[in-house]
Structure formats: structure tokens, C-alpha cells
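Residue-level listing of the chains:
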Amino acid sequence: MLPDRCSIMENGKQCVNPPEFVVSVVVEKDEYMVGVTCNKHKQIVSEKIQSLQTEEKLPRGKISFSPLKAVGTDCIHGDADDFVQLDTPLSKKLK
């Protein structure tokens, strides 16, 4: 599961934009996810990660922005006909 909003906070308020990129740091054969961001905040996130790398709070490596693809689906609705009643010894005792 990913957050439904960009990871950036501006003036104490979280960005309301949906994420457009997964942000990660690639170090040799390893990759570390550090957050998600919208296109508007892509540069700010990049600068912050570079700063954290300089302070040695994040591993030094290539910053990667992998685009997210939105996928929609219809909600699944169930009604009483969709459920199956099982008669087990415990359910018979409860009746």
C-alpha cells in the first residue's frame, strides 16, 4: 500500500496532490524507498534527499523517481445471496 497523498508538507500542511512518483535511492544492487511525491514537489524532494545524503542520514546513491500509474476499479458489492452458510458443530451449538 502506498500513501494516497504526496509526502511533502508545506507551511505545516500536507500536500493534497496524489502521488505521481515513488522516490527511492539506488545504491549498487539495493534500492531504498524513501517516499512518494507529486510532480510539483519532485525538485524539492530531490534537494532534500541530496541534503540528507550529505549529512549521511540516507545512503549515498542515485535518486530514482519511478512513475506511478493510477488504476481504478469498480467497488465490490455483496448481498445476502453472495454468502454461504456453513453448518459446523460449533454453529449448531450456538443456535
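Reading guide: rules and limits
- Per-chain numbering applies: the sequence of each chain, read as written, is numbered from 1 onward.
- Reporting of local features is limited, given that this is a predicted model, to residues whose pLDDT is at least 70; pairs of side-chain atoms are given and counted only at 80 or more, and all residues count toward the totals for whole chains, interfaces and linings.
- Remark: hydrogens and water are excluded; side-chain values derive from all non-hydrogen atoms of the structure.
- Buried residues of nine kinds, namely Ala, Val, Leu, Ile, Met, Phe, Trp, Tyr and Cys, make up a nonpolar core once their side-chain atoms join them within 4.5 Å.
- Only protein chains enter the area calculation, which uses a 1.4 Å probe; residues under 20% of their type maximum are buried, those over 50% are exposed, and those in between are partly exposed.
- Numbering of helices and strands runs from the N terminus; a helix is a DSSP stretch of H or I covering at least four residues, while a strand is a stretch of E covering at least two.
- Contacts are assigned to residue pairs with any non-hydrogen atoms lying within 4.5 Å of each other.
- Pairing of aromatic rings covers Phe, Tyr and Trp, the last through its six-membered ring, and needs centres within 6.5 Å; plane angles under 30 degrees mean stacked, over 60 mean edge-to-face, and all others mean tilted.
- A ring is scored as having a charge over it whenever the NZ atom of a lysine or the CZ atom of an arginine sits within 6 Å of its centre and within 35 degrees of its normal.
- We call a pair of cysteine sulfur atoms a disulfide when they lie within 2.5 Å.

K.L.:
Hey, could you run me through the nonpolar core in this one?
P.N.:
In summary, soluble globular proteins display a tendency toward joint burial of nonpolar side chains. Ranked by size, the top nonpolar core spans eleven residues in total: C6, I8, C15, F21, V23, V25, C38, V45, I49, I63 and F65. It is strand β3 (residues 21-27) that contributes the most residues to this core, three residues altogether. Ignoring any residue separated from it by four or fewer positions in sequence, one finds I63 in contact with V23, S24, S46, I49, Q50 and Q53.

K.L.:
Just checking my understanding: could you explain the packing of aromatic side chains for this structure?
P.N.:
Given two aromatic rings, one states the distance between the centres and the angle between the planes to describe the pair. Tallied over the entire structure, the rule returns one aromatic pair. Ring geometry for F21 against F65: centres 6.2 Å apart, planes inclined by 85°, an arrangement best described as edge-to-face. Taken together, the residues span a long stretch of sequence, with F21 in strand β3 and F65 in strand β5 (residues 62-67) at a distance of 44 residues. In terms of burial, F21 and F65 fall into one category: buried. Its guanidinium or amino end placed over the ring of F21, K42 lies 4.4 Å from that ring's centre, counting from NZ or CZ. Its guanidinium or amino end placed over the ring of F65, K42 lies 5.2 Å from that ring's centre, counting from NZ or CZ.

K.L.:
Sorry if this is basic, but what is going on with unusual backbone geometry here?
P.N.:
Note: most peptide bonds trans; most residues except glycine with negative phi. Within the chain, E28 stands out as a residue other than glycine whose phi angle is a positive 50°. Along the chain, E28 falls in the loop between β3 and β4 (30-37). For E28, a relative accessible area of 78% puts it in the exposed group. If you check the backbone angles, E56 has positive phi at about 60° while not being a glycine. With respect to the helices and strands, the residue E56 is situated in the loop between α1 (42-54) and β5.

K.L.:
Would you mind going over the side chain of S64 with me for this structure?
P.N.:
In this fold, S64 is placed in strand β5. For S64, the residues in contact, after removing those within four places along its chain, are V22, V23, S24, V26 and E31.

K.L.:
Teacher, can you tell me more about the state of the cysteines here?
P.N.:
Joining two cysteines, a disulfide is a covalent bond between their sulfur atoms. All chains considered together, the criterion is met by zero disulfides. Here C6 is not cross-linked by a disulfide; its sulfur's nearest cysteine counterpart is in C38, at 3.8 Å. On the basis of relative accessible area, C6 is assigned to the buried category, the value being 0%. Judged by its relative accessible area of 1%, C38 is buried.

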